[in-house]
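One letter stands for each residue in the lines below.
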Amino acid sequence: MKARLIHVRLAALPLAVAAVFPSFAQTNPPQLKETFVTATRTAQPIGDVVADVTLINREVIERSGAAGIADVLARVPGIEIARNGGIGNQTSIFTRGGESRHTVVLIDGVRVDSQSTSGGANWQAIPLAQIDRIEIVRGPTSAVYGSDAAAGVIQIFTKKGQGAFTPAITLGYGSYNTQKIDVSASGSTGAVDYLFGIAQSSSDGFNVRPIAGQNPDMDGYKSFNVNFKLGFQINAGHRLETNMLNNKNDAQYDSGLTRDFRRINTLQTVG
């Protein structure tokens, strides 16, 4: 599936609009040394981390053209995915051959699921549009994250505001009538930063069971999500933050010769 993303920064509109919203002018934030915090729960330069780690930032996610987070993680060494049908359907992720329930998953520090009882996170319900970066540790980290981290840890961080007030729109269209729209507004003032985002994606899908006489319909999906984050930087080592993520995913799949099913997942995290 090929898709093209079109990024529109409202800050780049003509001066007549900029005059109405003078605070749209963007500033270049200082470039900080890339850090990785998942391995020990303490921020470290990624070069100093002993564990087998991978960091995926927003730029890599956008370049990938992926429709879901599982498609991004499938390109990471040591990770395999299994999906029951097309995009939006039940997805499992296996780290270094371990069971799906043995990889801890966190969003902004909040555990997505009780891995030991549910069999794994609802990957199909995690919205890719709201993700800023993904930190992956492959290998046992049970001493830090508990017994269900026998295979590794995947920590997901959603976007946060920085610089001057900046509204943005991202549009995308691809094969199978795949459509994406992402609208956000973010920024920071002094020690306070903020972000609000809404995203929606849908696709007519394709026939995931192209066998004669077996329900030859198109199996599409729809996804809608909202993300909010407000932070206050107390000092260099301490930050106070509140965040909320809500996503609803509705996907079709086949089960039998003629019957058509829908899988509806809702993911909510509050931190």
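Before reading further, recall that the structure is shown in the block above.
Residues numbered from 1 in each chain as written. Predicted model: local features only at pLDDT ≥ 70, side-chain atom pairs only at ≥ 80, totals over all residues. Heavy atoms only, no water.

Draft legend 1. Highlighting the nonpolar core. With 25 residues, the main nonpolar core has Ile69, Leu73, Trp123, Ile134, Ile154 and Ile156 as its most contacted residues. When contributions to this core are tallied by element, the ones reaching two or more residues are helix 3 (69-73), strand 7 (103-107), strand 9 (131-138) and strand 10 (152-158). Per-element accounting of this core gives the leading share, four residues, to helix 3. With residues up to four places along the chain from it excluded, the contact list for Ile134 reads Thr54, Leu55, Ile56, Ile61, Ile69, Leu73, Ile154, Gln155 and Ile156. (Core = buried A, V, L, I, M, F, W, Y, C linked by side-chain atoms within 4.5 Å. Buried < 20%, exposed > 50% of the residue type's maximum accessible area, 1.4 Å probe, protein only. Helix = DSSP H or I, 4+ residues; strand = E, 2+ residues; numbered from the N terminus. Contact = heavy atoms within 4.5 Å.)

Draft legend 2. Quick look at the sheet that holds strand 10. Ordered in space as 4-9-10-7-8, the five strands form an open sheet in which the pairing is mixed. Two strands close off the open sheet at either side, each with one partner strand: strand 4 (52-57) and strand 8 (110-111). Taken together, the five bridges between strand 7 and strand 10 define a ladder with parallel strand orientation. Opposite Val104, over in strand 10, you have Val153 as the bridge partner. (Pairing = 2+ DSSP bridges.)

Draft legend 3. A look at the pattern of salt bridges. Tallied over the entire structure, the rule returns 14 salt bridges. The salt bridge partner of Arg133 is Glu135, with a shortest N-O separation of 3.0 Å. In this structure Glu135 comes out as buried when scored by relative accessible area, which is 0%. (Salt bridge = Lys/Arg side-chain N within 4 Å of Asp/Glu carboxyl O.)

Draft legend 4. Local environment of the environment of Ala82. Locating Ala82 in the fold gives a position in strand 5 (residues 79-83). The exposure class assigned to Ala82 is partly exposed, which follows from its relative accessible area of 37%. In the structure, Ala82 is positioned twelve residues away from Ala70 in sequence and 9.0 Å away in space, judged by C-alpha atoms. Apart from the residues lying within four places of it in its own chain, the contact partners of Ala82 are Gln90, Thr91, Ser92 and Phe94.

Draft legend 5. Highlighting the environment of Ala199. Inspection of the secondary structure assignment puts Ala199 in strand 13 (residues 192-206). Look at Ala199 and you get buried, because its relative accessible area is 4%. Taking the C-alpha atoms as reference, Ala199 lies 5.4 Å from Asn225; in sequence the two are 26 residues apart. Excluding its chain neighbours within four sequence positions, the residues that come into contact with Ala199 are Ala129, Gln130, Ile181, Asp182, Ser223, Phe224 and Asn225.

Draft legend 6. Representation of the pairing of strand 12 (residues 178-189) in the model. When strand 11 (residues 166-174) meets strand 12, the two strands line up antiparallel, connected through nine bridges. Bridge pairing links Gly174 to Thr178 in strand 12. Between strand 11 and the antiparallel strand that follows it, strand 12, lie three residues; Tyr176 among them carries a positive phi value of about 60°. With eleven bridges joining them, strand 12 and strand 13 adopt antiparallel strand pairing. Across the sheet, residue Gln179 finds its bridge partner in strand 13, namely Ser202. Here strand 12 folds back onto strand 13 in antiparallel fashion, the turn holding two residues, of which Gly190 has a positive phi close to 65°.

Draft legend 7. The pairing of strand 7, seen in detail. In terms of residue burial, strand 7 counts as a mostly covered element, since five of its five residues are buried. The side-chain alternation of strand 7 yields two buried faces, one formed by Thr103, Val105 and Ile107 and the other by Val104 and Leu106. A loop of two residues connects strand 7 with strand 8, the two strands running antiparallel in sequence, and Asp108 in this loop sits at a positive phi of about 50°.

Draft legend 8. Representation of unusual backbone geometry in the model. Positive phi, close to 50°, is recorded for Arg96, a residue that is not glycine. Tracing the chain through its elements places Arg96 in the loop between strand 6 (91-95) and strand 7.

Draft legend 9. A look at a nonpolar patch on the surface. A surface patch of nonpolar side chains, amounting to about 760 Å² of accessible area, comprises Val192, Phe196, Ile198, Phe224, Phe228, Leu230, Phe232, Ile234 and Leu240. Residue assignment for the nonpolar patch shows that the elements contributing at least two residues are strand 13 and strand 14 (219-235). With five residues, the single largest contributor to the nonpolar patch is strand 14. As for its placement among the helices and strands, Val192 is situated in strand 13. For Val192, a relative accessible area of 32% corresponds to the partly exposed category. (Patch = residues over 30% accessible without salt bridge, like charges linked within 9 Å, V, L, I, M, F, W, Y side chains within 5 Å. Areas by Shrake-Rupley, 256 points an atom, 1.4 Å probe, with all protein chains shown as cover.)

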